[in-house]
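# Architecture at a glance
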Amino acid sequence: MSNRRSNVRFYFTDNPLDATVHVHKIKQTEVKSKAGPIQILDISGNGLQFFSPLRFQVTDEVLLCFNFRVTQKWFNVYGRIKTMAVRNKARVHLRGCP
């Protein structure tokens with residue numbers, strides 16, 4: 001029996017979801033950073049995948065905040081970069097709000 005979580009995944013590959021991302025914490029210290037543009041390709045309870053002109057480092061020390069709107073509701077979700085699939089495309093593991 002698998003312990004892997006089963007979550008619904010929403011795909012935006014035909015029409016990526018415009019969003020922004022900024023650095024929320026480095027290690028345990030809150031920082032202020034400018035928001036940069038990203039395009040979310042898919043999102044689930046465990047993570048999201050996005051394209052961005054920005055470069056990201058795979059590390060557990062940086063907590064990012066992703067801001068996006070679905071219909072009329074705004075969302076802020078937090079996560080860390082887990083993998084860089086190809087240049088400008090990353091997978092993020094989402095964590096609970098800090």
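Reading the values: rules and limits
- Residues numbered from 1 in each chain as written.
- Predicted model: local features only at pLDDT ≥ 70, side-chain atom pairs only at ≥ 80, totals over all residues.
- Heavy atoms only, no water.
- Helix = DSSP H or I, 4+ residues; strand = E, 2+ residues; numbered from the N terminus.
- Contact = heavy atoms within 4.5 Å.
- Areas by Shrake-Rupley, 256 points an atom, 1.4 Å probe, with all protein chains shown as cover.
- Core = buried A, V, L, I, M, F, W, Y, C linked by side-chain atoms within 4.5 Å.
- Buried < 20%, exposed > 50% of the residue type's maximum accessible area, 1.4 Å probe, protein only.
- Phe/Tyr/Trp six-rings, centres within 6.5 Å; stacked < 30°, edge-to-face > 60°.
- Lys NZ or Arg CZ within 6 Å of the ring centre and 35° of its normal.
- pLDDT = per-residue confidence, 0-100.
- Pairing = 2+ DSSP bridges.

## So, the overall build of the protein
From N to C terminus, the protein includes zero helices and eight strands. Listing the helices and strands of the protein from first to last along the sequence gives β-β-β-β-β-β-β-β. Here the analysis covers contacts within the protein between residues at least 6 apart in sequence; of these, 49% occur between residues at least 24 apart. Total accessible area computed for the protein in this model is approximately 6900 Å², and 50% of it derives from carbon and sulfur atoms.

## Remarks on the nonpolar core
Ile 38, Ile 40, Leu 48, Phe 50, Phe 66, Phe 68 and Val 92 are the most contacted members of the largest nonpolar core, which has 14 residues in total. Listing elements by their share of this core, those giving two or more residues are strand 2 (17-26), strand 4 (36-43), strand 5 (47-51), strand 6 (62-70) and strand 7 (73-86).

## Some remarks on unusual backbone geometry
Across the chain, the bulk of peptide bonds are trans and the bulk of non-glycine residues have phi less than zero. With a phi angle near 55 degrees, Lys 27 is a residue other than glycine that sits in the positive phi range. Mapped onto the fold, Lys 27 is located in the loop between strand 2 and strand 3 (29-30). Positive phi, normally seen in glycine, also occurs at Thr 71, with a value near 50 degrees. Following the sequence through the fold, Thr 71 ends up in the loop between strand 6 and strand 7.

## Here we look at the packing of aromatic side chains
In this structure the tally under the stated criterion is three aromatic pairs. For the ring pair Phe 50 and Phe 56, a centre distance of 5.4 Å and an interplane angle of 85 degrees mean the geometry is edge-to-face. Assessed through its relative accessible area of 1%, Phe 50 is described here as buried. Through a chain of ring-to-ring contacts, three or more aromatic side chains come together here, namely Phe 50, Phe 56 and Phe 66. Sitting above the plane of the Phe 75 ring, Lys 73 keeps its charged end 5.5 Å from the centroid.

## A word on the environment of Gly 36
Checked against the element boundaries, Gly 36 lands in strand 4. Sequence separation between Gly 36 and Pro 53 is 17 residues, and the spatial gap between their C-alpha atoms is 8.7 Å. Sequence-distant contacts of Gly 36, that is, excluding residues within four places in its chain, are made with Ala 19, Thr 20, Val 21 and Leu 54.

## Quick notes on the confidence of the model for the protein
Low pLDDT means the predicted coordinates in that region are not meant to be read closely. For the protein, mean pLDDT is 84; residues scoring 70 or higher make up 82% of the total. Averaged pLDDT values for the elements of the protein fall to 64 in strand 8 (residues 89-95) and rise to 96 in strand 3.

## Considering the pairing of strand 4
With respect to burial, strand 4 is a largely interior element, six of its eight residues being buried. For strand 1 (residues 10-11) and strand 4, the ladder comprises two bridges, and the chain directions are antiparallel. Looking across to strand 4, one finds that Tyr 11 is bridged to Asp 42. Two strands pair when backbone bridges link them, and strand 2 and strand 4 are joined in this way by five bridges, in the antiparallel orientation. For Thr 20, the partnering residue across the bridge sits in strand 4 and is Pro 37. Pairing between strand 4 and strand 5: four bridges, direction antiparallel. Counted as the bridge partner of Asp 42 is Gln 49 from strand 5. Linking strand 4 back to strand 5 in an antiparallel pair, the connection comprises three residues.

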